[in-house]
Amino acid sequence: MVKALDPDCEWCGQIDFEWVASLFPADLKSRESPWVLSRRRGLDREKARNEGVFVLGADRRFRTKEPPRCSFCRALFEQRARWPEPGRFGRGSTTDELRAYSLRDVFQASEEGDQTILVLVPGPDSGPKPRPNDSIHTLKMRLRFSDGFRFVLCIGSDRSPYYLASHRIISRRIDTNLVSGWIRECQRSHAKCNQPVMAPSLDLINCQQDTIVTTRRPRQYVALSYVWGNTRPCRIGPDRRLPELLPNVIKDAIQVTLSLGYKFLWVDQLCVDQGDHARKQAQISQMDLIYAGAQITLVAAAGKDTTFGLPGTSRKPRAESTMVTASGRVALHVATPGPGHAIENSKWASRGWTYQECLLSRRVLIFTEEQAYYECGCMVRREGRTARATSYEDNIQQSAIPSIGPLYAAVTVQDTRDLDMLLYMYRDCVKAYFSRELTKEEDTMNAFMGIDNKFKMILRNAQSNTSISPSLVSVELRSVWGLPYPVSPAFDPGVTRRMFIAGLKWTWYTYGMAQRKPQYPSWTWAGWTLVKKPSIRYNQSSFLRVNSVYLTDVFVPEIRFEYDGRLVALHEVWDESVDRLYFSQPSALLLDVVLVPKGCLRFMPGSRWSFLRIYSADVMLDATDVSQDDFRRGRLELCLFGEVYYDTLSFLVLRPTPMGSYCYERAGWVHVRKRGPDMDSLLEKLRNEVCGPEDEPDSSNGKGDIEAILERATTIRLV
């Protein structure tokens, strides 16, 4: 959309746009470097790089509630509305100003040519506190990684018609030819994204005939990821034809599927029989294969339910990019904001089911209200920017999808160090998934099952590689209730036990805000939900700490699982030859642990906890209905769990249940930190408390404090 600059706008009339357009050289074919040319125009390289070039003061013009009538000023008004919260950007500033920056400098662009970008920034400080030194750096980072800022490109007509450097004009409808080119580029160049997947027998939508068909051989199909919202699911009639009243998002997905040259579409609402519980559960257990088998997954990241549709289709056109002609020689292109801000703040990015739908897909095409965004395991593309725009476009680590990125899907495993990395990545997925919401709490593990299967498949695929370390050939990755651990005949049982206990040591960033889910055990993260979420601004996946913890000593000599009354040791191999769906999860965890006398932990004057009246202790409780007062009243118990990094003793907090003696549920953690020889002193004092002072360790037979303590281990049942 091309508009003329408003001649009645007095503020815009003060700007010499031709001078602004000439600030940074547009032609790099000149023998002289661009900064030599810039210095001739009176620019200081370092100052311009750090502070930009002042163009015009804006005072409080864009701090009003009503947008200006001028098209250029309206773009700046919208830009300011997307600023970060005041506490992080422009603190103490009461005015704004317009500054010019080099496109190549801000975006680290590598193609020939440079352009001027105009950005509204906080003006000089008027408050008592100076503006933070990193304000401009913060601005550049936000522009570079495209998390919602709208900025203006000042373009000279010497590259007619309106050379856009690295940005495209966004039309009202999506350019499916452009998207098809991205897909072909991936199919042609990315081996990681084109691994064969044995997709199961599926029901698919035949988009040409509007019917549901069952496929028993591999077919190329497209998948859809969206938010159901409060709408009712569609029902298929006996003739297997699509209902006449389809949700808008499904109608639009059918249209896009055909436009991309595909015939079949998979949508859970229509392709999974919602009334057949057994078949539905079988499909849920194969989500990793369904989404990985799709050629591309369409993501509806706009709107809150199925009625909104996919922006950029004929049913849901988008707003066009704005081009403002400032004079006969200069035009201003109002650039489209990056997709990161829109995706991160979408309803889609907050839902639990959509996390694995995106993570498991080999390619995704995300529809926001302003543009479409493409990502695969090796590259990112978007409508609003050309492929050569920046040096980081081919770097998948700069994913615009919060807490996902196909980096996980592209991981390779060749030795035990990679196995550790695989476990770290698994737990990173747990952290990101836990911050999301589910309508039904009983779906907690169902919506994560595909990710669990994916990591197991990564290890199995690696074992077929001839370059893999021999120590990993027989390793099997298992998990119980979302807690992963490796098992191998070559492993000492203590290694498996240590790795499993490391997974049990998940904690919270903010304590006392969780509530139990009765469907799941208390010792898994899946058994809890946050009643009150902490105010974490930039990393919503940080509600939960599930990073692996290195334990130098594990004070839990035996771990067993209880399956419907049957006990299975941690290192035993059970039969998983039946459908993985019906492999039951343990109902309880039996641990041989040392219960610590209740008087060991006390609350001391000065609002601090003390262990054995000498050592400082950190008390971290889980639930909203458990308080430190429960310790004072003797309602909670401690069991010794392990030593971490040679300087910390960890104790699991237990709350008795009415299900019998020595039956507990998890209630939190207590950590006692001491270094070097102090740890030996701590263990000696703890032995005296657990065993009594008369039970002296016998050094002649190698029996020390730890061995003496472990002799007092008791079997507890953790539910």
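That block above? That's the structure.
Each chain carries its own residue numbering, running from 1 in the direction its sequence is written. Local features in this predicted model are restricted to residues whose pLDDT is 70 or higher, and side-chain atom pairs enter the listing and the counts only when it is 80 or higher, whereas totals over whole chains, interfaces and linings include all residues. Side-chain numbers come from the whole structure's heavy atoms, not from hydrogens or water.

**Focus on the overall build of the chain**
Part 1 of the argument: Counting its regular elements, the chain contains 20 helices and 32 strands.
Part 2 of the argument: Any residue under 20% of the maximum accessible area for its type is buried, any over 50% is exposed, and the rest in between are partly exposed; the area is computed with a 1.4 Å probe on protein chains only. Expressed as a percentage of the 719 residues in the chain, the buried residues total 54%.
Part 3 of the argument: Note that accessible areas follow from Shrake-Rupley with a 1.4 Å probe, and for residues the cover is restricted to the protein chains shown. For the chain, the exposed area adds up to about 32,400 Å²; of that, 47% sits on carbon and sulfur atoms. Per the convention used, a helix needs a DSSP run of H or I reaching at least four residues, while a strand needs a run of E reaching at least two, with both numbered from the N terminus.

**Quick word on the pattern of salt bridges**
In a structure, side chains of opposite charge can pair up when their charged atoms sit close to one another.
Part 1 of the argument: Only one rule defines a salt bridge in this text: a Lys or Arg side-chain nitrogen within 4 Å of an Asp or Glu carboxyl oxygen. Considering all chains together, one arrives at 18 salt bridges under this definition.
Part 2 of the argument: For Arg318, the salt bridge goes to Glu383, with nearest N and O atoms at 2.4 Å. Here Glu383 lies in the loop between strand 15 (380-382) and helix 15 (416-434) and Arg318 lies in the loop between strand 10 (296-300) and strand 11 (322-325), a separation of 65 residues in the sequence.
Part 3 of the argument: Across the salt bridge formed by Asp625 and Arg655, the nearest N and O atoms sit 3.4 Å from each other. Here Asp625, found in the loop between strand 28 (615-621) and helix 18 (628-632), pairs with Arg655, found in strand 30 (residues 648-656); they are 30 residues apart in sequence, far enough to count as distant.
Part 4 of the argument: Accessibility expressed as a relative area gives 52% for Asp625, which makes it exposed.
Part 5 of the argument: A residue is classified by how much of its surface remains accessible, and Arg655, at 17% relative accessible area, is buried.

**Thoughts on the environment of Leu359**
Part 1 of the argument: Note that Leu359 resides in helix 14 (residues 352-359).
Part 2 of the argument: The class of Leu359 is buried, set by a relative accessible area of 6%.
Part 3 of the argument: Along the primary structure Leu359 and Tyr291 are separated by 68 residues, whereas in three dimensions their C-alpha atoms are 8.9 Å apart.

**Some words on the environment of Thr297**
Part 1 of the argument: Positionally, Thr297 belongs in strand 10.
Part 2 of the argument: On the basis of relative accessible area, Thr297 is assigned to the buried category, the value being 0%.
Part 3 of the argument: Each C-alpha atom, one on Thr297 and one on Leu265, is 9.5 Å from the other, the two residues being 32 residues apart in sequence.
Part 4 of the argument: Any two residues whose heavy atoms approach within 4.5 Å are treated as being in contact. Those residues in contact with Thr297, other than ones at most four positions away along the chain, are Ala223, Leu224, Ser225, Tyr291, Ser361, Arg363, Val364 and Leu365.
Part 5 of the argument: The definition of a polar contact used here is a pair of N or O atoms within 3.5 Å, where within protein one atom must be able to donate a hydrogen and the other to accept one, and adjacent residues in sequence count solely through side-chain atom pairs. At 2.7 Å, the side chain of Thr297 forms a polar contact with the side chain of Ser361.

**Digging into unusual backbone geometry**
Part 1 of the argument: You will see that Asp210, though not glycine, has its phi angle at about 55°, which is positive.
Part 2 of the argument: With respect to the helices and strands, the residue Asp210 is situated in the loop between strand 6 (202-206) and strand 7 (211-215).
Part 3 of the argument: Given the relative accessible area of 35%, Asp210 is considered partly exposed.
Part 4 of the argument: Located in the positive-phi region is Trp481, a residue other than glycine, with phi close to 50°.
Part 5 of the argument: Examined against the element boundaries, Trp481 turns out to sit in the loop between strand 16 (476-480) and strand 17 (483-487).

**Details of the state of the cysteines**
Part 1 of the argument: The criterion for a disulfide is a pair of cysteine sulfur atoms lying within 2.5 Å. All told, the structure shown has zero disulfides when counted by the stated rule.
Part 2 of the argument: Note on Cys70: no disulfide assigned, nearest cysteine sulfur contributed by Cys12 at a separation of 3.5 Å.

**Comments concerning helix 17 (residues 493-504)**
Owing to its 3.6 residues per turn, the α-helix brings residues three or four apart onto one side.
Part 1 of the argument: Spanning 12 residues, helix 17 covers 17 Å between terminal C-alpha atoms, matching the ideal 16 Å at 1.5 Å per step.
Part 2 of the argument: Taken residue by residue, helix 17 has Gly494, Thr496, Phe500, Ile501, Ala502, Gly503 and Leu504 as its buried positions. For a helix, the expected span equals 1.5 Å multiplied by the residue count minus one.

**Regarding helix 8 (residues 176-189)**
Part 1 of the argument: Taking 1.5 Å of rise per residue, 14 residues should cover 20 Å, and helix 8 covers 20 Å from first to last C-alpha, within 8% of that figure.
Part 2 of the argument: Among the structural elements, helix 9 (248-259), strand 10, strand 13 (363-367), strand 14 (372-376) and strand 15 are those in contact with the buried residues of helix 8.
Part 3 of the argument: Backbone nitrogen of Asn177 and a side-chain oxygen of the N-cap are separated by 3.2 Å at the start of helix 8; the cap is Asp175.

**Focus: the sheet that holds strand 6**
Part 1 of the argument: DSSP calls a pair of strands paired once it identifies at least 2 bridges connecting them. Within the open sheet, the eight strands sit side by side as 7-6-9-8-10-13-14-15. Their pairing is mixed. Looking along the sheet, the strands with just one partner apiece sit at the ends: strand 7 and strand 15. Geometrically, the sheet is characterised by an average inter-axis angle of 30° between neighbouring strands, direction not taken into account.
Part 2 of the argument: Bridge analysis of strand 8 (residues 221-225) against strand 10 gives four bridges, and the strand direction is parallel. Of the residues in strand 10, the one forming a bridge with Leu224 is Leu298. In this description, a line fitted to the C-alpha atoms serves as the axis of each element, helices being fitted only across the stretch in contact, and the angle between N-to-C directions of two axes falls anywhere from 0 to 180 degrees.

**Some words on the pairing of strand 32 (residues 714-718)**
Part 1 of the argument: The pairing of strand 25 (residues 588-596) with strand 32 spans five bridges and is classified as antiparallel. Its bridge partner being in strand 32, Leu591 is matched across the sheet by Ile716.
Part 2 of the argument: In terms of strand pairing, strand 31 (residues 663-673) meets strand 32 through two bridges, oriented parallel. Each residue of the ladder has a partner; that of Cys663, found in strand 32, is Arg717.

**Regarding the side chain of Glu97**
Part 1 of the argument: Relative to the elements of secondary structure, Glu97 occurs in strand 3 (residues 96-102).
Part 2 of the argument: Residue classification places Glu97 among the buried residues on the basis of a relative accessible area of 7%.
Part 3 of the argument: Within polar-contact distance, the side chain of Glu97 engages the side chain of Arg99 at 2.6 Å.

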